[in-house]
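Architecture at a glance
Residue-level listing of the chains:
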Amino acid sequence: MELLPRSPGEFGSARYWDRFFRQRGRRPFEWYGAFPELCPVLRKYVRPRDKVLVVGCGNSELSEQMYDTGMCEDIVNIDISDAVIRQMKERSGSKRPKMSYLLMDMLQMDFPDAHFQVVLDKGTLDAILTDEEEATLTKVDKMFAEVSRVLQIGGRYLCVSLAQAHVLKKAVEYFSQEGWVVRVHQVASSGDKQQFVLPVFVYVMTKFRKIPGSAPQILEICSEEQDKPMRVESAERLVETVKDRQHYALLCSQLSKTPCGEQVSLDLCDRASGRPRYTLHVVDSPSVRPSRDNRFAIFIIPQGRETEWLFGTEEGRRQLAASAGFGRLVTVALHREQHYEGMASIQTELSGKVMELAPPGLPARQQVPFLSAGGDIGLRTVQHRDTSPMSGEYVVEDVKGDGTCYFRRLIFLCNRNVVQSEARLLAPTPLPGQKKRRKDKKKPSSSKPPATIDKSYLCCEHHKAMVAGLCLLGDPNPLPGALLAVLVVGLGGGSLPLFIHDYFSQARVAVVEIDPSMLEVATRWFGFSQGDRMRVHVSDGLDYVAKLAAEAQYDAIMFDVDSKDLTVGMSCPPPAFVEKPFLQKVKAILKPEGVFVLNLVCRDAQLKESVLATLREVFPLLYARRIEGEVNEILFCQPSPERQRDPAELEARAQALEGALRQPGRPWDSSYVLADMLQAVKIL
């Protein structure tokens, strides 16, 4: 049986609705929003003594249920379909004497002005506002004008809607410009997703006298789980907020029916500030055979560790989900701007929301485990926060790693998932003759991280590889004590030039950094200092290299500089640093037996091939070392092809260099093996 109109315009036709209700018979037709779902919202705005007008009532049971539950009895229902009005009069009969049904067009009503306290519309506005044609908008303006006319001051227009963007925007703009207070409620779902996937909303427009001039708009939204409304600044922002909730509902519906092929990411925002509080990734593991107890789990990533490969990359999260042994794992990253009490409070806060992301077939009331690395939420202490004119907003923070290790990190908030610089912090050691203080059992131990920088430790794998590349210079045995001239472009926290300065005792290191704020950060927070053998030049690296005399000066030149342009598929270095004319200037200031080391971070395969081709044109000898689990690739470029060495020779040279660097009484991290850094090197 065909019950849908041939064109949207028929929704406003009395003839269509007469035919619709005759064909449907006496069965009630609910567009969306059953009474149990709508009741909590309606009770807030409909009082027992209110006089209520229901426009476009159809044969919905809503009015009858409001009457029968005692919510309100003085209800007038109108519709343009004579067939449905006769049906409803017959159905209600004498059971509801205070409720009436009238044949009337809501665009031209017969009621006197200010006759009702409430006008209730369930799907009628959605049915009329099917497009944004001029004739349609004129009809809607008439409807709104009539609603406004028959409502008293302080009266409420309650509109149940699916909140399509053009419908919500029209209603909000019209009534807010009239000086009304506009509030949008998201209706709590009954859990039955079969009929409508999209959530249902109720617009609550409260009539106030229009104040001459430009009175501030009052626009608010209430989520299904919170009563207190959230103020929004504009109609556009309100429409966007509703759209976000609709997309979330569609996502939850999809996830509840089928496994997700690709990882899904979403932010849950703090209600007060509107800032992200949690970032969730939904990861399905097809290889895991589901049973009752391993279908679904939540993994809380300890604070500060969200950038690690296991938690910060798709492949890492896929491996985490598989090793955890759950069919679906939701990883949860915690944001630095937010405060968290502990695992228990996070679990309480997230339990309801994450269940909306449950996989298909999860038994009702299934207990879902919350997991974490080490069983806690980690520790993050923001030590410094500022804004640089060049790098934007940044933070220096201390985070707890595995075990008892702490690390200090520099993060640019424009790319908050990337650690720009990192240094390990040393635990304080007691002075000679100083006794350890006994722990007071009554007082909990302090969770403050230590403050001394471990300058002997290179946190970044690409820095380790860059240092290992120095074994390409001359005889590796005398290198630590040899006179070396090294140019490093890109300071960051200063870990790389500091390591070279401290372990190559005769090296003279020149560092070029374009952002003066970074020199201050490195000095104050990362233990960096200048001296006779270490000088920092605040300058653009392009300009600095161009101004140098075109004669061989440097044994090693290292580029570790990030790009501020996030639209390019290469985040390190900026594209201008790998253009042929500039690379030729780099070659001109490099000694014939020297090495140019470049940290390349490029996700654009075509762009990467172009960069490598340009490098090969300038430097006849090119080695590449991929950093496992990261996008970084370290390129070692040399001007002379005669200096090519096979992998076995490279490994031997690296072992010799490491042996020379390891001196008695000098700290050396046992996990750092130079030869390992060069094992996977290939000649391009």
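Here, every reference points to the structure presented above.
No experiment lies behind these values; they were computed from the predicted model shown. (Residues numbered from 1 in each chain as written. Predicted model: local features only at pLDDT ≥ 70, side-chain atom pairs only at ≥ 80, totals over all residues. Heavy atoms only, no water.)

So, on to the sheet that holds strand β16 (residues 392-400). Taken in spatial order, the 5 strands of this open sheet run β15-β16-β17-β18-β19, and their pairing is antiparallel. The strands lining the two open edges of the sheet, one partner per strand, are β15 (380-388) and β19 (452-453). Judged from the 2 bridges that link them, strand β18 (residues 419-426) and β19 form a sheet pairing that is antiparallel. Paired with Leu 425 across the strands is Ile 453, a residue of β19. (Pairing = 2+ DSSP bridges. Helix = DSSP H or I, 4+ residues; strand = E, 2+ residues; numbered from the N terminus.)

Turning our eyes to something else, we now look at the packing of aromatic side chains. Evaluated as defined, the whole model comprises 16 aromatic pairs. Ring plane angle 45° and centroid distance 4.7 Å describe the contact between Phe 175 and Trp 180, whose orientation is recorded as tilted. Judged by its relative accessible area of 0%, Phe 175 is buried. Relative to Phe 596, the ring of Phe 559 lies with its centre 4.9 Å away and its plane at 80°, an arrangement referred to as edge-to-face. Placement of Phe 559 in strand β23 (residues 554-559) and of Phe 596 in strand β25 (residues 590-602) is noted, with a sequence separation of 37 residues between them. One exposure class covers both Phe 559 and Phe 596, and it is buried. Clustering of aromatic rings is evident, with ring pairs tying together Phe 144, Tyr 157, Tyr 174, Phe 175 and Trp 180. (Phe/Tyr/Trp six-rings, centres within 6.5 Å; stacked < 30°, edge-to-face > 60°. Buried < 20%, exposed > 50% of the residue type's maximum accessible area, 1.4 Å probe, protein only.)

Okay, the nonpolar core next. Judged by nonpolar contacts, the single largest core of 41 residues is most densely connected at Leu 53, Ile 78, Phe 111, Leu 125, Tyr 157 and Tyr 203. For Tyr 203, the contacting residues outside a window of four places in its chain are Leu 125, Tyr 157, Leu 158, Cys 159, Ser 161, Ala 163, Val 167, Leu 168, Ala 171, Arg 183 and Val 184. Counting residues in each nonpolar core, the second largest holds 39 residues, with Val 509, Met 534, Ala 556 and Leu 621 among its members. (Core = buried A, V, L, I, M, F, W, Y, C linked by side-chain atoms within 4.5 Å. Contact = heavy atoms within 4.5 Å.)

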